[in-house]
Every structure is written in C-alpha cells, then in structure tokens.
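Chain by chain, the residues run as shown.
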Amino acid sequence: MRRGYIRNIEPLKILTDTQVEAIHRGTLDVLEETGVRFESQRALRMFKKNECIVDFENNRVRFPSYLVEECIRRTPSSFLVKARDLKNNLRFGGNTLYFMCSAGARISDPETGETRVATMKENNEAILISDALENLDYFPSYTPYFEVEGVEPVMLCPTSCAMRLRYSSKVSRGAQSVDTYIWEIQMAQACGAQLLGNMEAASPLSYSEDAINAGFGYAEALFPIYIAGGGVMGGTAPVTIAGATISNNAELLAALVFFQLIKPGVGIIANDIEYPMNMRSGSPAFGSLGISLHEAAFNQIWTQFYRIPTNNCAAGFPNSKLFDLQSGYEKTHCAMTSAYSGANSILLHGGVSAELAYNPLMAILDDDLAAIIGRHIEGIVVDSESMAIELIKEVGPIPGTYLDW
Amino acid sequence: MSSDILDGLYRVVLDLNFEDAEDLAKKSIEEGIDPLQSAEALTKAIREIGEGFAKGDLFLPDLVLASKVLQRALPVIRAEIKRQGKKTHTRGKVVIGTVFGDIHSIGKQMVATLLLSSSYEVIDLGVNVKSSVFVEAVKKYNSDILAMSALLTTTAYEQKNIIKDLISKGMRDKVKIIVGGAPINQEFADSIGADGYAPTAPLAVTLVNKLLGLDSGG
Ligand code: B12
C-alpha cells in the first residue's frame with residue numbers, strides 16, 4: 001500500500017520574494033509589539049525564562065524576533081510519526097504529500113443533505129472504510145464523527161481516539177479539549193504508536209488554557225505536534241489575504257516558539273484553516289476563492305521559506321450539503337491549489353456541509369480525487385523514451401496511427 | 001438647533017461613524033437636549049440598520065459598526081437620563097456569553113448585536129464564561145434574559161450546569177433563559193430546562209420578543 005505522493009514539480013509561487021519578506025517582517029512586528037495571549041501561568045513562566053516580555057496580569061507574551069527566528073531554525077524540515085503498524089508510519093515534510101480524513105460532527109444523508117447523530121456502529125464502519133482507502137494516510141482528532149449516539153459528551157474525544165486505534169492502524173492526531181490528551185497519550189503508547197499532538201489557537205492571537213495544557217502533555221510525551229491558527233477572515237482575522245496571513249502566522253509562530261522551548265527540535269506541522277466569513281450570515285465561506293489564495297500564500301511561506309511542513313484543512317470542507325457539482329468544484333480548486341503550492345498534507349476525505357458532517361461514501365469518492373491530485377504533482381516524465389521523437393517520425397501523417405506500436 | 005443635533009445622532013449611526021459618536025452625545029447634553037429624545041434618535045437609526053441587515057441590504061460589519069457607535073454614545077446619554085431622574089426605555093436587559101470551555105465567538109456576537117439593534121440593553125460577557133460569572137451578571141444587572149451560546153457538544157452541557165446553579169441560588173424564576181449554537185436544538189433546550197432556543201440570530205430576537213411578551217416592533 002502506498003503512503004503519500006512525491007512532488008516532482010516546482011511548487012507554485014503566488015508571492016514574490018519581496019512579498020514573502022514583507023509578510024515575515026510584519027509577523028515579527030506583531031509578535032514583538034502586540035504579542036499573543038497565553039492563558040496559562042506555566043506557559044507564561046516558561047516564556048519569561050526565555051527572554052520574552054511577559055505581562056502576567058493580562059496573559060500577554062511579546063516575542064523578541066531573534067528568538068522566533070532561532071526557533072524556526074530549530075524546527076526540523078521533516079519528521080516521523082509512528083503508526084500502530086510500521087507500514088503506516090508517516091514522514092511529514094520535504095516533497096511528500098499525504099491526505100488526511102475529514103472530521104464532521106454528524107452523519108450526512110447523501111440524498112437530502114440532512115444530518116443526524118451517528119451510531120457507534122456507523123462510526124466504526126466509517127473508520128474501517130477509511131483504513132482501507134488507498135490514499136487516506138491519517139486521521140485528525142474526533143474523526144469521523146464528533147458526536148456518537150450514547151457516548152457522554154465528556155467522553156467523546158477519548159472514545160473517538162480509542163475507536164480509531166482499535167479499527168485502524170493508521171496515524172491519528174490527538175485532541176486538545178478538556179484534558180482528553182491525558183487518556184489519548186496513554187492509549188496510543190499502549191499500542192506502541194505515537195499521535196500527532198495538537199495545539200490550536202483561539203483567534204485572534206490567543207491560546208486557551210486547555211489547548212496549552214494539551215500542548216505541554218503531547219510535547220512531554222515526545223510526540224510530534226500539529227499546530228493550528230483559527231482565524232476567520234473578516235471575523236477573527238483581517239479580511240484581506242495578506243493581513244489574514246500575518247495574523248495566522250503570528251498565532252502559529254507563537255505556538256512554534258512554545259514547543260521549541262519545551263522540547264528543542266520537536267517535529268512540527270503547521271495547519272492552515274483560515275476561511276472567509278459570509279458577511280451576511282457570519283457562516284463559513286468554505287470552498288471559496290479566498291481559501292485557495294490563502295493556502296497558496298501560506299504554503300509558500302511555510303514550506304518554501306521557513307522549510308516547515310504544512311497541512312491545509314479548509315480545503316476539504318465544502319459548503320455544499322450534498323455530493324454534487326458544487327461540492328466537487330469547491331474541494332477540487334482548494335485541494336489542487338494546496339498540492340501545487342507545496343502542502344505536505346491536505347484534509348480531504350468525507351467532509352460535507354461546512355465541517356458539520358461526514359459521510360464514508362463521500363470519503364470513497366474523495367479517494368479518487370486524492371489519487372488525481374497526487375498523481376498530478378508527481379509530474380510527467382520527459383526522457384528520450386517518453387518524448388517518442390523517433391516514433392513520431394516513423395508514424396508520420398495520416399494514414400499513420402499509434403495503435404499498432 | 002435641537003433637531004440638527006438629533007438628526008446628527010441619527011446620522012452618526014447610519015454613517016457608522018463611531019469616531020464622532022461620543023463627542024456628539026456630549027454635545028447634545030451641553031446643548032440641553034432631552035436625553036430621552038437623543039436615545040430615541042440613536043435607537044431609531046440602529047433599528048433601521050437591523051432591518052437593512054435582515055433584508056440582506058447590509059452586511060455583518062455594518063451591524064457591528066453601528067452597534068459600536070451606540071456603545072460609545074449611549075452610556076453618555078443614559079448617564080444623563082439617570083442624572084435627570086428619568087427612566088431609560090429599553091425593551092429589556094440581556095446578559096449574553098459563550099459558556100466555559102468554549103471560545104467560539106462569531107455566532108454569539110451576531111445574536112448580541114441584533115438584540116442591541118432591536119432596542120435591548122445587552123451585557124456581553126465574552127467567551128469561555130464561567131457559571132459563577134453568568135450568575136453574578138444576572139444578579140448585578142437584574143437581567144430579563146440570559147442568553148448562552150455553545151458550539152461544542154462537550155460544552156452544550158455547561159448550559160445545564162448554569163441553569164442548575166441559578167436554581168440552587170433561587171434565581172431561576174427571575175430570568176428567562178435562551179440557548180443556541182450549532183449542536184443545540186429545541187429538544188436539547190427542553191431537556192436542560194431552558195425557556196427557548198433559536199437556530200439563527202434574527203430568530204433569537206423574535207424569541208426574546210416572544211418570551212418578554214413584546215411585539216416585534218421597536
Ligand atoms: C470558526 C470555528 C472555530 C474557530 C472559532 C473562532 C472564533 N473566535 O469564533 C476555532 C478554529 C478557534 C475553533 C476551535 C474549535 N472548534 Co470549531 N468551528 C468553527 C466553525 C468552522 C464555524 C463556527 C462559526 O463561526 N459559525 C458561524 C456562526 C455565525 O454560526 P453559529 O456560531 O452556529 O451561530 C449561529 C446560530 O447557531 C445562532 N446562535 C449562536 N449562539 C447562539 C446563542 C443563542 C442564545 C441563540 C438563541 C442562538 C445562537 O445564531 C448564530 C447566527 O445565526 C464550526 C463549523 C461550522 N460550520 O459551524 C466549527 C465547530 C463548531 N468546531 C468544532 C470543534 C470540535 C472545535 C475544536 C474542539 C477543535 C479542536 N481541534 O480542538 C476547537 C474548540 C475550541 C474551544 N475550546 O472552543 C466542531 C464542534 C463539533 C461538536 N458538535 O461539538 C465544529 C462543528 C466543526 C467540526 N465538525 O469539527 N472552531
């Protein structure tokens with residue numbers, strides 16, 4: 001079974017070198033002057049010890065630029081995550097592209113688009129299907145369904161993790177909510193696997209206490225880490241792509257410093273889930289142009305300039321409630337742009353209805369899309385045989401054909 | 001002169017001009033204009049903004065900016081109303097927040113803003129709000145409505161804890177409780193003993209009007 005595609009094409013550069021520099025400098029400026037809120041005394045003390053300017057009363061950390069750049073250098077350009085089964089180990093970074101399963105709160109009906117809470121049987125079947133899909137390499141937290149019938153809400157994340165460890169031997173990401181990392185770490189270790197640890201921002205420019213606690217927990221378990229910003233363009237981030245890229249970068253680089261201070265050299269994958277807000281309803285404009293433009297800029301900065309692996313999350317959540325044309329083009333233009341601009345991982349399989357639902361049939365369709373995208377970035381062979389110059393000469397004009405060669 | 005200033009207060013909202021809002025409110029007091037009339041000019045304008053939003057002519061930032069104008073101008077006017085021993089006309093007081101453990105803010109802010117634009121006094125406690133803070137705010141502001149937002153299945157149950165806390169403090173009957181957010185539905189709202197649920201921000205306003213026995217007008 002294959003794990004990942006190797007990019008063999010020059011990645012897209014949507015920004016000029018000067019623009020990349022300007023965005024990086026802007027990010028350092030925000031980190032140094034405005035800083036980021038960390039709602040954890042333990043984190044604040046750690047930052048203070050490492051020469052950040054810390055305002056304990058307002059939970060604010062201001063980062064000296066040299067420290068941020070030092071921590072970017074400390075972050076490896078690729079890292080390994082151990083799966084329960086060795087053949088499913090993943091090495092994120094470099095030219096590799098993986099695909100991640102989507103997460104949806106509920107199960108979606110393919111005919112009507114209506115959603116309902118999934119049963120445990122449906123949850124576990126969906127995991128088995130994902131386990132079998134060729135191009136699906138790993139799972140995020142609380143996947144496939146966040147809600148499962150008969151499971152107490154407080155037990156949802158650990159139960160979801162346990163089921164993924166039981167029914168799949170592929171890598172999983174841990175959750176960050178309400179201390180569930182404590183159980184998830186132990187379950188993974190008991191299976192001889194690692195999880196991708198997790199710490200996600202509460203935009204703008206903030207990290208909540210349970211996210212930070214999870215961050216400490218995963219880093220101390222020596223797991224590699226998935227960091228995520230959480231801005232909504234026009235709502236919790238600037239409405240412009242450049243501005244949203246800077247606020248997202250500031251959130252992510254603050255998290256990167258946090259982890260490199262706890263565990264120098266820890267592997268990190270940076271996630272992009274920024275999307276524009278529908279300015280009438282406040283709801284997410286998934287599948288929109290703003291997403292693919294943001295992803296292109298984000299991947300260029302992180303994979304090409306910082307040399308740190310990336311995942312793109314917003315790509316796999318269509319706004320469509322159905323398995324239809326809309327869903328198809330929403331996912332394709334976002335995921336294709338991600339792949340072309342150098343993403344190391346794309347969330348793709350099974351998402352419907354703006355991150356609110358999942359369906360395993362959709363995951364099967366998306367596996368085809370993943371294969372097309374993966375094959376695309378493998379590029380084409382141009383050598384003496386594939387150029388076929390001699391053959392073209394030999395066949396010549398009509399009535400020549402290529403059927404008998 | 002008086003009508004010029006009143007017109008100015010009405011305009012400052014429609015123009016989303018939060019920079020001049022406070023100065024204009026102060027000026028209206030210096031000029032001796034009846035603060036009740038000033039408040040009426042401001043609320044008339046925000047109601048129009050709310051209607052424009054509901055019709056789809058205006059966008060969310062228009063609504064939020066207009067409410068920012070009100071947040072700057074109204075406290076000045078209200079203080080003067082109080083100083084003159086008069087009574088403020090609001091439709092009622094609403095304490096709102098996203099519950100503890102939950103930092104989703106966009107939906108909650110929409111509900112808060114639309115209520116404000118419908119002439120309610122809104123006390124927004126922000127996100128990740130502990131039960132004790134909700135309970136204290138309900139007591140301190142003697143609010144008519146407690147509105148709680150939760151976007152996670154895991155935090156939806158926090159709404160139940162807050163209702164329990166209000167019961168144990170003997171305060172449950174003093175306030176109407178409404179809940180909302182993506183994982184919430186009517187059945188859930190009933191099961192935790194809330195007074196109402198609405199799936200969208202405009203319907204949250206209709207719900208509050210209904211619970212307080214008011215019509216939909218300003
Ligand atoms: C944006 C977003 C985030 C942002 C939040 C940024 C911010 N400052 O708000 C970030 C990235 C930080 C985030 C984090 C998380 N999120 Co989130 N997030 C979303 C997302 C994509 C959109 C939410 C939104 O803004 N909707 C738009 C607004 C306008 O809609 P709304 O909030 O529903 O509000 C409307 C109505 O519900 C109603 N309403 C709202 N409140 C109230 C209150 C009352 C009283 C009434 C009457 C009505 C009412 O009126 C509003 C307007 O019409 C949803 C998916 C989705 N499509 O909803 C997931 C989602 C809500 N998140 C989810 C999850 C799991 C998380 C995380 C746990 C992820 C993680 N990896 O750890 C964290 C939790 C952090 C925390 N402790 O809270 C899940 C929840 C699943 C569930 N059933 O519990 C969802 C559904 C996505 C998913 N399937 O995974 N998230």
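Above this note sits the structure.
Rules used in this analysis
In this convention, every chain numbers its residues from 1, walking through the sequence in written order. Labels are handed out in written order, letters beginning with A for the chains and numbers beginning with 1 for the ligands. At least 70 in pLDDT is required for a residue's local features to be given in this predicted model, at least 80 for side-chain atom pairs to be given and counted, and no such filter applies to totals for whole chains, interfaces and linings, which use all residues. Water and hydrogen atoms were dropped before computing side-chain values, which therefore reflect all heavy atoms in the structure. Throughout, the term near means that a residue has one or more heavy atoms lying within 4 Å of the molecule or strand in question. Within 3.5 Å is the distance limit for a polar contact, defined as a pair of N or O atoms, with the added protein rule that one can donate a hydrogen and the other accept it, and that residues adjacent in sequence qualify only through two side-chain atoms. Secondary structure counts use DSSP, requiring at least four H or I residues in a row for a helix and at least two E residues in a row for a strand, with both numbered from the N terminus. When residues are grouped by polarity, Ala, Val, Leu, Ile, Met, Phe, Trp, Tyr, Cys and Pro land in nonpolar, Asp, Glu, Lys and Arg in charged, and all others, Gly among them, in polar. Metal donors were taken as nitrogen, oxygen and sulfur atoms no farther than 2.8 Å from the ion, or 3.2 Å where the ion is Na, K or Ca. Water is excluded, so coordination may look unfinished. Burial here depends on accessible area, computed with a 1.4 Å probe over protein chains only, as a share of the maximum for the residue type. Under 20% is buried, over 50% is exposed, and the range in between is partly exposed. By construction, the arc corresponds to the directions joining the helix axis to the C-beta atoms. As a rule, the C-alpha atoms of each element are fitted with a line to give its axis, helices using only the stretch in contact, and angles between N-to-C directions run from 0 to 180 degrees. Just so you know how the angles are binned, under 35 degrees is roughly parallel, over 145 roughly antiparallel, 65 to 115 roughly perpendicular, and the rest oblique. Crossing handedness is defined as follows: a turn of the near helix away from the far one that is anticlockwise and smaller than a right angle gives a left-handed crossing, while the clockwise case is right-handed. Contacts are residue-level and defined by heavy atoms, with any inter-residue pair within 4.5 Å sufficient.

1. Things to note about the site of the ligand
Turning to step 1, where the next piece is worked out: In the region of the ligand, 48 residues are neighbours, and Glu-200, Ala-354 and Glu-355 of chain A together with His-104 and Thr-153 of chain B sit closest.
Turning to step 2, where the next piece is worked out: Surrounding the ligand is a set of residues that belongs to chains A and B.
Turning to step 3, where the next piece is worked out: Glu-200 of chain A places a side-chain nitrogen or oxygen 2.6 Å from a nitrogen atom of the ligand.
Turning to step 4, where the next piece is worked out: Within the backbone of Ser-105 of chain B, one N or O atom sits 2.8 Å away from an oxygen atom of the ligand.
Turning to step 5, where the next piece is worked out: A total of 4 residues in the shell around the ligand trace back to one element, the largest contributor, which is helix H5 (residues 106-116) of chain B.
Turning to step 6, where the next piece is worked out: Residues that form the shell around the ligand fall into these classes: 24 nonpolar, 19 polar and 5 charged.

2. What to know about the coordination of the cobalt atom of the ligand
Turning to step 1, where the next piece is worked out: No other protein atom reaches the cobalt atom of the ligand as a donor apart from His-104 of chain B (NE2), found 2.3 Å away.
Turning to step 2, where the next piece is worked out: Mapped onto the elements of the fold, His-104 of chain B is located in the loop between strand S1 (93-98) and H5.

3. Re helix H2 (residues 41-49) of chain A
Residues and elements named next belong to chain A.
Turning to step 1, where the next piece is worked out: Within the sequence span of H2, burial applies to Ala-43, Leu-44, Met-46 and Phe-47. The buried residues of H2 occupy an angular sector of 160° when projected down its axis, which confines them to one face.
Turning to step 2, where the next piece is worked out: In the segment just after H2, Glu-51 is the residue with positive phi, at about 70°.

4. Digging into the packing of helix H6 (residues 131-141) of chain B against helix H7 (residues 153-168) of chain B
Residue and element names in this part refer to chain B.
Turning to step 1, where the next piece is worked out: Orientation of H6 relative to H7, taken along the N-to-C sense of each, is 45°, at an axis distance of 9 Å. Compared by their axis directions, H6 and H7 come out oblique. Judged by the twist between their axes, the crossing of H6 over H7 is right-handed. Contact residues: Ser-131, Phe-134 and Val-135 in H6; Glu-158, Asn-161, Ile-162, Asp-165 and Leu-166 in H7.
Turning to step 2, where the next piece is worked out: Its residues assigned to classes, the contact of H6 with H7 comprises 4 nonpolar, 2 polar and 2 charged.

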